[in-house]
Amino acid sequence: MDGDFRTEFVRDPAALKKHPALVLNADFRPLSYYPLSLWPWQEAIKAAWLNRVDIVAEYDAWVRSPSTEIRIPSVVVLKDYVKPQKRVAFTRFNLFLRDEFRCQYCGSVGDLTFDHVVPRASGGITSWENVVAACAPCNLRKGSKSLRRAGMSLRRAPRQPGAEELRNMGRKFPPNYLHDSWMDFLYWDAELEA
């Protein structure tokens, strides 16, 4: 057999990985904005085949089997409404999202870690109200000192965010890739400019 035998049958499997589907709740809102609720194209087709979603928009690409041809979905809507969580998990990611991925001491972006406002050595606890995003230089400068002793101040007082507030915060940070068919569904409830 010729060495190129298999290449005739393998088109470009990596290209199909480039077709994620935006997943919307039954109210036509994304399940989450950041990270954006996306499924691989295989999951979207499987859900459509099992009648769990409606396909709202499609790519100009096809998946073929011996008996079926299906256009790859770009936007799917769940048939059953998924109630959003009310409780916000206290995670590093959610903390950075609350603080808009900025150091709460100097405002810089990048090289983020987190800092206890009241140091743990002084009885500070790990909670929404005592932990902020901080760049490494500010975190080292503050160390285990109080804000006053370190000569530093917070840009914003730390507090526990609500689930809706965090979802809206995520809308400010769009992912690197947004397909044109998604735009009407991502920002349809945004306030229009006059």
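Treat the numbers as computed from the prediction; the structure is a model and nothing was measured.

### Overview of the sheet that holds strand S4 (residues 69-78)
- Taken in spatial order, the four strands of this open sheet run S2-S1-S4-S3, and their pairing is mixed. Single-partner strands in this sheet number two, and they are strand S2 (38-39) and strand S3 (53-64).
- Inspection of the sheet shows S3 paired to S4 by eight bridges, in the antiparallel sense. Each bridged residue has a counterpart across the sheet, and for glutamate 58 the counterpart in S4 is proline 73.

### Quick word on helix H6 (residues 163-170)
- Along H6, the residues classified as buried are Ala163, Leu166, Met169 and Gly170. Projection of H6 onto a plane perpendicular to its axis shows the buried side chains occupying an angular sector of 125°, all on one side.
- Residues of H6 that are buried make contact with helix H3 (92-98).

### Some details on the pairing of strand S6 (residues 131-135)
- Taken across its five residues, S6 has five buried, putting it largely inside the fold.
- Neither face of S6 is open: one carries Val131, Ala133 and Cys135, the other Val132 and Ala134, and all of them are buried.
- With five bridges joining them, strand S5 (residues 112-116) and S6 adopt antiparallel strand pairing. Along S6, the bridge assignment pairs phenylalanine 114 with alanine 133.

### Structural notes on the layout of surface pockets
- Of the voids in this model, the largest pocket is the one considered here, and its volume is about 600 Å³.
- Taken together, 28 residues make up the lining of the largest pocket; nearest its centre are Leu31, Ser32, Pro84, Ala163 and Arg167.
- When residues in the lining of the largest pocket are grouped by element, the largest group, six residues, is from H6.
- Classifying every residue of the lining of the largest pocket by side-chain character gives 14 nonpolar, six polar and eight charged.

### With respect to the packing of aromatic side chains
- All told, the structure shown has three aromatic pairs when counted by the stated rule.
- Ring geometry for phenylalanine 93 versus phenylalanine 101: centroids 6.2 Å apart, planes at 65°, classification edge-to-face.
- When its relative accessible area of 18% is taken as the criterion, phenylalanine 101 is described as buried.

### Digging into unusual backbone geometry
- Backbone geometry places phenylalanine 28, a non-glycine residue, at a positive phi of 70°.
- Judged by relative accessible area, phenylalanine 28 falls into the partly exposed class, the value being 37%.
- Positive phi, close to 55°, is recorded for phenylalanine 101, a residue that is not glycine.
- As for its position among the elements, phenylalanine 101 is in the loop between H3 and S5.

What counts, and at which threshold
Residues numbered from 1 in each chain as written. Predicted model: local features only at pLDDT ≥ 70, side-chain atom pairs only at ≥ 80, totals over all residues. Heavy atoms only, no water. Pairing = 2+ DSSP bridges. Helix = DSSP H or I, 4+ residues; strand = E, 2+ residues; numbered from the N terminus. Buried < 20%, exposed > 50% of the residue type's maximum accessible area, 1.4 Å probe, protein only. Arc of directions from axis to C-beta. Contact = heavy atoms within 4.5 Å. 1 Å grid on protein atoms, 1.4 Å probe; cavity = no way out; pocket = protein on both sides within 12 Å on 5 of 7 lines; lining within 4 Å. Points joined across faces, edges and corners; volume = space filled by probe spheres on them. Nonpolar A, V, L, I, M, F, W, Y, C, P; charged D, E, K, R; others polar. Phe/Tyr/Trp six-rings, centres within 6.5 Å; stacked < 30°, edge-to-face > 60°.

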